[in-house]
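Below are the chains, spelled out letter by letter.
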Amino acid sequence: MDSKGFDRPGRPAAGRTRSVKVMIAGGFGTGKTTMVRSVSDIRPLTTEETLTQASAGVDDLIGVADKTQTTVSLDFGKISLNDTLTLYLFGTPGQERFWFLWNGLFKGALGAVVLVDTRRLASSFRAIEEMERQQVPFVIALNVFPDSRDHPVEEIRDALDIPPHTPVVAFDARDRSSSRDVLVALIRHLKERPAVALEPR
Ligand SMILES: Nc1nc2c(ncn2[C@@H]2O[C@H](COP(=O)(O)OP(=O)(O)OP(=O)(O)O)[C@@H](O)[C@H]2O)c(=O)[nH]1
Ligand SMILES: [Mg+2]
């Protein structure tokens, strides 16, 4: 994969396929690993460890009290959206003590999905700031939990201070087709940007 996230050299003759690196980012416990697991065509690589006392008082467990595992390095999955476009998905760790890994993980990424749990909006602030710092185009994906309140999307956009051109969509990370729709929304958003060519060559 080159520095722009494209997998160019040595493509098979029939392989008019473009490969794109996409980040699945967001705050602690927002459902990043769940999304990579539900949507990946291949068995995903995950790096889950049991939540320990080290996170006590550090991680906000309100709303995710049943959570027992956390990503310590990355999630990796792959999905072919059609015959010509394959996405490589890189899920980030959500815990603050692993954020130093983000710089390396983002290398070559063309776009990102930022997951938000509307019960804990603040947990995704840092991830949104990071997209702006890394200059990676992104969509906001509101992962709806059973006790999430039904906020209008525009209210969330205001609360998160998201620019008008950035899509905000609601979804369920456990559901493959719902997660896939989020990735399609991201690709549409990328295609609207003149600098990004996603058509196969
Ligand atoms: N009800 C519901 N539960 C979900 C959903 N997505 C994730 N969960 C649950 O919420 C918890 C957090 O999900 P993870 O996928 O581990 O979240 P994460 O963002 O990868 O977490 P970290 O890697 O620790 O930051 C898990 O217990 C999931 O089973 C969802 O859409 N609805
Ligand atoms: Mg995770």
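Here the structure is shown first, and the text comes after it.
Predicted, not measured: the structure shown is a model, and the values here were computed from it. (Residues numbered from 1 in each chain as written. Chains lettered and ligands numbered in written order. Predicted model: local features only at pLDDT ≥ 70, side-chain atom pairs only at ≥ 80, totals over all residues. Heavy atoms only, no water.)

## Points about the pattern of salt bridges
So, point 1. As enumerated under the stated definition, the model contains eight salt bridges in all.
So, point 2. Between Arg126 and Glu130 there is a salt bridge, with its nearest N and O atoms 4.0 Å apart. Of this pair, Arg126 and Glu130 both sit in helix H3 (residues 125-134), four residues apart, roughly one helical turn.
So, point 3. Residue classification places Arg126 among the partly exposed residues on the basis of a relative accessible area of 35%.
So, point 4. Taken together, the salt bridges that share partners define one network made up of Asp117, Arg119, Arg120 and Asp147. (Salt bridge = Lys/Arg side-chain N within 4 Å of Asp/Glu carboxyl O. Helix = DSSP H or I, 4+ residues; strand = E, 2+ residues; numbered from the N terminus. Buried < 20%, exposed > 50% of the residue type's maximum accessible area, 1.4 Å probe, protein only.)

## A look at the sheet that holds strand S6 (residues 111-116)
So, point 1. In space, the six strands of this open sheet follow the order S4-S5-S1-S6-S7-S8, with mixed pairing throughout. Single-partner strands in this sheet number two, and they are strand S4 (75-82) and strand S8 (168-171). In this sheet, neighbouring strand axes are inclined to one another by 25° on average, regardless of whether the strands run parallel or antiparallel.
So, point 2. Inspection of the sheet shows S6 paired to strand S7 (residues 138-143) by five bridges, in the parallel sense. Of the residues in S7, the one forming a bridge with Val113 is Val139.
So, point 3. Set on the sheet, helix H1 (residues 32-39) makes contact with strand S1 (18-26), S4, strand S5 (85-91), S6 and S8; between it and S4 the angle comes to about 45°.
So, point 4. Those strands touched by helix H4 (residues 153-160) are S6, S7 and S8, and its axis lies near 120° from that of S7. (Pairing = 2+ DSSP bridges. Axes fitted to C-alpha atoms, helices over the stretch in contact; angles between N-to-C directions. Contact = heavy atoms within 4.5 Å.)

## Overview of the coordination of the magnesium ion (ligand 2)
Angles between donor atoms at a metal ideally measure 109.5 degrees for a four-coordinate tetrahedral arrangement and either 90 or 180 degrees for a six-coordinate octahedral one.
So, point 1. Looking at the magnesium ion (ligand 2), one finds its protein donor set to be Thr33 (OG1) and Thr71 (OG1), positioned 2.0 Å from the metal centre. With Thr33 in helix H1 and Thr71 in strand S3 (residues 69-71), the pair connects residues that are 38 residues apart, well separated along the chain.
So, point 2. With relative accessibility at 10%, the residue Thr33 sits in the buried group. (Donors = N, O, S within 2.8 Å, 3.2 Å for Na, K, Ca; no water.)

## Comments concerning the packing of aromatic side chains
So, point 1. Inspection of every chain in the model, using the stated rule, returns four aromatic pairs.
So, point 2. With a centroid separation of 6.3 Å and 65° between ring planes, the pair formed by Trp99 and Trp102 is classed as edge-to-face.
So, point 3. For Trp99, a relative accessible area of 14% translates into the label buried.
So, point 4. Taking relative accessible area as the criterion, Trp102 reaches 3% and is therefore assigned buried.
So, point 5. Cluster of aromatic residues (ring-pair linked, three or more members): Phe76, Tyr88 and Phe90.
So, point 6. Positioned above the aromatic ring of Phe90, the side-chain terminus of Lys21 is 4.5 Å from the ring centre.
So, point 7. Between Arg119 and the ring centre of Phe145, over which it is positioned, the NZ or CZ distance is 4.2 Å. (Phe/Tyr/Trp six-rings, centres within 6.5 Å; stacked < 30°, edge-to-face > 60°. Lys NZ or Arg CZ within 6 Å of the ring centre and 35° of its normal.)

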